[in-house]
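Here is how the chains run, residue by residue.
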Amino acid sequence: MHHSDPHPSPPARHWWHSATVYQIYPASFKDSNADGFGDIQGIIEKVEYIASLGVDAVWLSPCYKSQYVDMGYDISDYRQIDQRFGTVEDIERLIARLAECNMKLLMDLVINHTSDQHAWFQESRSSLDSPKRDWYIWRKGKSVTLPDGTIVQKPPNNWESQFKGSAWQYDEITNEWYLRLFAKEQPDLNWDNRDVREAVYGDMRFWLDKGIGGFRMDVINMISKPNGLPDAPVTNPRSEYQPAASLYCNGPHIHGYIREMRQEVLDEYEDVMTVGEVPFTFDPAEVRKYVEPERKELCMLFQFDLFGIDMGSGGKFTPSDWQLKDLKSTISKWQQLLSFTSGAWQTVFLESHDAARSVSRFGDRGQDNRFRVAKMLAMLETTLAGTLFMHQGQEIGMANLAEDIPIEEYMDIETKGFLHDLRQLRQAAEPDRVIELKEIVDEVADQVRLKARDHGRMPMPWDGNKPNAGFSEARDGIRPWTRVNSDFDLCNVAHQEKFTHSVLKFWQRMLAFRRQHAETLVFGDFEPVALDNGPVFAYHRTPLAGSVNKSNNILAILNMTSNSNTVFRMPTSTRGDVVELSLLECSRSKNGHSCAGQTYTTGEEVLLRAYEGLVLAY
């Protein structure tokens, strides 16, 4: 039996393949009622602006009823909108308003855990024989006898929580422990219980019936826990609790549950988009299982290799001496492994509510080049294959919180937990003196200023001439829930809408360009020119074989450094032919003029200025 074609035929096409999705973090987008907190009505007021970007869908971070321990990821009622954001009717109005502008709404589905205030959990914890006892993961603790004879209760196993400390919480009512991989107010649901799955599916249908376009699924690869919940291997001997992601991610029934959800819920609706968050998953074969269309699981997923490139071996807030070749190799690896031609699909993203700003992470952190970096990264993202995700404020080149904002004012539970834990660790090592928070802050300031989630969650600066940068009209002592960045006079929407060469205008142009060249840029194949440590990241994008419209090959050339005299020699085609390349887009206009139209030949040298990007066709 011979195969004439090494690849399976490419999958059927859907609207979401070529979509660009705009992520909104509702607390920080637009406050319509001057209470210092963003809301749904504020989003409705800005729909025209969102449409002007050229995006196809909006992903809304959680706005369900919540105690707000983890910024809305602790949900106490999946069918109610939290009053700080508005009402279910507001969401219905938002869906309708987006539809008028040909955009869909994606809701955030957080179903690994609920809030401890959810009615299901309240009932579950009430007694050992509660009908919902088995809806969560309860276990007896371990009795440990100390040297002095006292008996203490220890958690059922040694798993560490994502927010540090034990992943188990003792509950006095029934003298048992419940599993919570995140905060103590976020008990994990027991997905092995059919009733739990049915209840979740009911909540999903509630929103799908209202016409949403699909779901982003929070930590979806954690819903199936390993049989017997064994101890995690000891990788951190100094700690009582051990990282256990290798055990609770991609568990034994994960694919069965996702397929069931697809069959019983999602496939009942027309062309619903799903994007799964799949952390701690690096094996390509494991990643592909989630997105190969014939397996009928997810449309696409977020894989975090690139996201974690600057995180050291000691955890997120430890430095990593990553080099440009690491970035190039990581992007190239996944572009090729999950290509459309190979029968898979992927996402392109550099920012989200869970990360710092890409301009600060991948640039030189200086003010001079900031907007050049933003444009170069926009060019990178819009020329990669996959469904493109952008995070609010990315389109204007928002940077991390400025140095004049004290770290003590950072609000995020992850940042605070990290500082608290480190302080406890230092205190235990030096019991003879009091370790002040300030000492800890000074020690890790650089890493927190580079990577904290707070940077992705600050209020959107709409207008540099208005109080609170136009995010909120709150006054009389009411302040926005978190600090507006102090650079809002330099970086705001109103200014960039007026200015031809702004980052905002560049994003609009590059998104239109991506749409125009979708056969090559969205669906086509990816071939790097070289995976070296040189300052330039260059890659070919080739259209699908037998694509309907005759599409060009495209070459992207990105100077990823601040070196203004970077020389790059034009390469041959992917087949090794000498080619003539014509310039289509340039991230740094020359004297206010577009640079399109120039031609180059293989072997010719081109001089790139700091963070300059070129896109050429051949």
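Residues numbered from 1 in each chain as written. Predicted model: local features only at pLDDT ≥ 70, side-chain atom pairs only at ≥ 80, totals over all residues. Heavy atoms only, no water.

### Notes on the overall build of the chain
Next up, step 1: Along the backbone of the chain there are 16 helices and 23 strands.
Next up, step 2: Over its C-alpha trace the chain gives a radius of gyration of 25 Å, about what one expects of a compact globule, namely 25 Å for 618 residues.
Next up, step 3: When the backbone C-alpha atoms are referred to their principal axes, the chain occupies close to 80 × 65 × 50 Å.
Next up, step 4: Sorting the 618 residues of the chain into buried and exposed places 59% on the buried side.
Next up, step 5: Nonlocal contacts in the chain, meaning residues at least 24 apart in sequence, comprise 72% of its contacts between residues at least 6 apart.
Next up, step 6: Separation between the mean location of the 67 positive side-chain charges and that of the 88 negative ones in the chain comes to 2 Å. (Helix = DSSP H or I, 4+ residues; strand = E, 2+ residues; numbered from the N terminus. Rg over C-alpha atoms; globule rule 2.2 N^0.38 Å. Buried < 20%, exposed > 50% of the residue type's maximum accessible area, 1.4 Å probe, protein only. Contact = heavy atoms within 4.5 Å. Lys, Arg positive; Asp, Glu negative; His and termini not counted. Charge placed at Lys NZ, Arg CZ, Asp CG, Glu CD.)

### Overview of the layout of surface pockets
Next up, step 1: Taken as a whole, the second largest pocket holds about 470 Å³ of empty space.
Next up, step 2: Lining of the second largest pocket is provided by 23 residues; of these, Phe163, Ala183, Ile413, Lys416 and Gly417 occupy positions nearest its centre.
Next up, step 3: Broken down by class, the residue content of the lining of the second largest pocket amounts to 10 nonpolar, 6 polar and 7 charged. (1 Å grid on protein atoms, 1.4 Å probe; cavity = no way out; pocket = protein on both sides within 12 Å on 5 of 7 lines; lining within 4 Å. Points joined across faces, edges and corners; volume = space filled by probe spheres on them. Nonpolar A, V, L, I, M, F, W, Y, C, P; charged D, E, K, R; others polar.)

### A short note on the sheet that holds strand E20 (residues 580–586)
Across a sheet, paired strands are connected by hydrogen bonds in the backbone, their directions being either parallel or antiparallel.
Next up, step 1: With antiparallel pairing, 6 strands are arranged side by side in an open sheet as E16-E17-E18-E23-E20-E21. Each having just a single partner strand, strand E16 (525–528) and strand E21 (599–601) make up the two edges of the open sheet. Each strand axis lies, on average, 30° off the axis of its neighbour in the sheet, ignoring direction.
Next up, step 2: Where E20 meets E21, 3 bridges bridge the pair, whose relative direction is antiparallel. Paired with serine 582 across the bridge in E21 is threonine 599. (Pairing = 2+ DSSP bridges. Axes fitted to C-alpha atoms, helices over the stretch in contact; angles between N-to-C directions.)

### Comments concerning empty space enclosed by the protein
Next up, step 1: One pass over the full model with this rule turns up 7 cavities of 30 Å³ or more.
Next up, step 2: Estimated volume of the largest cavity: approximately 280 Å³.
Next up, step 3: As for the largest cavity, its lining consists of 18 residues, and the residues nearest its centre are Gln303, Leu306, Trp334, Thr347 and Phe349.
Next up, step 4: Contributing elements (two or more residues each) for the lining of the largest cavity: helix H9 (324–337) and strand E14 (347–348).

### Here's the deal with the side chain of histidine 391
Next up, step 1: Of note, histidine 391 is situated in strand E15 (residues 387–391).
Next up, step 2: You can call histidine 391 buried: its relative accessible area is 0%.
Next up, step 3: A distance of 2.8 Å separates a polar side-chain atom of histidine 391 from the backbone oxygen of glycine 456.
Next up, step 4: The residues touching histidine 391, leaving out its near neighbours within four places in the chain, are Gln23, Tyr25, Glu351, Ser352, His353, Arg357 and Gly456. (Polar contact = N/O pair within 3.5 Å; in protein donor to acceptor, adjacent residues only side chain to side chain.)

### Description of the packing of helix H8 (residues 284–291) against H9
Next up, step 1: Interhelical geometry of H8 versus H9 gives an angle of 45° and a closest axis separation of 11 Å. Compared by their axis directions, H8 and H9 come out oblique. Between H8 and H9 lies a crossing whose hand is right-handed. Residues Pro284, Val287 and Arg288 of H8 form the contact with H9, whose own contacting residues are Lys333, Trp334 and Leu337.
Next up, step 2: Here the residues of the contact of H8 with H9 sort into 4 nonpolar, no polar and 2 charged. (Parallel < 35°, antiparallel > 145°, perpendicular 65-115°, else oblique. Left-handed = near helix turned anticlockwise from the far one by under 90°.)

### A look at the confidence of the model for the chain
Next up, step 1: When the pLDDT values of the chain are averaged, the result is 95; 97% of them are 70 or greater.
Next up, step 2: Contacts of residues 1–6 to residues separated by more than four positions or lying in other chains number 0 contacts, the stretch itself having pLDDT below 50. (pLDDT = per-residue confidence, 0-100.)

### Quick word on the sheet that holds strand E9 (residues 168–171)
Next up, step 1: The strand order across the open sheet built from 3 strands is E6-E10-E9, with neighbouring strands paired in antiparallel fashion. The open sheet has two edge strands with one neighbour each: strand E6 (138–139) and E9.

### Considerations on the pattern of salt bridges
Next up, step 1: Summed over the entire model, instances satisfying the criterion amount to 52 salt bridges.
Next up, step 2: Among the ionic pairs, lysine 154 bridges to glutamate 240, the shortest N-O distance being 2.8 Å. Taken together, the residues span a long stretch of sequence, with lysine 154 in strand E8 (residues 151–154) and glutamate 240 in the loop between strand E11 (214–217) and helix H6 (245–248) at a distance of 86 residues.
Next up, step 3: For lysine 154, a relative accessible area of 28% gives the class partly exposed.
Next up, step 4: Between aspartate 354 and arginine 453 there is a salt bridge whose closest N-O contact spans 3.0 Å. (Salt bridge = Lys/Arg side-chain N within 4 Å of Asp/Glu carboxyl O.)

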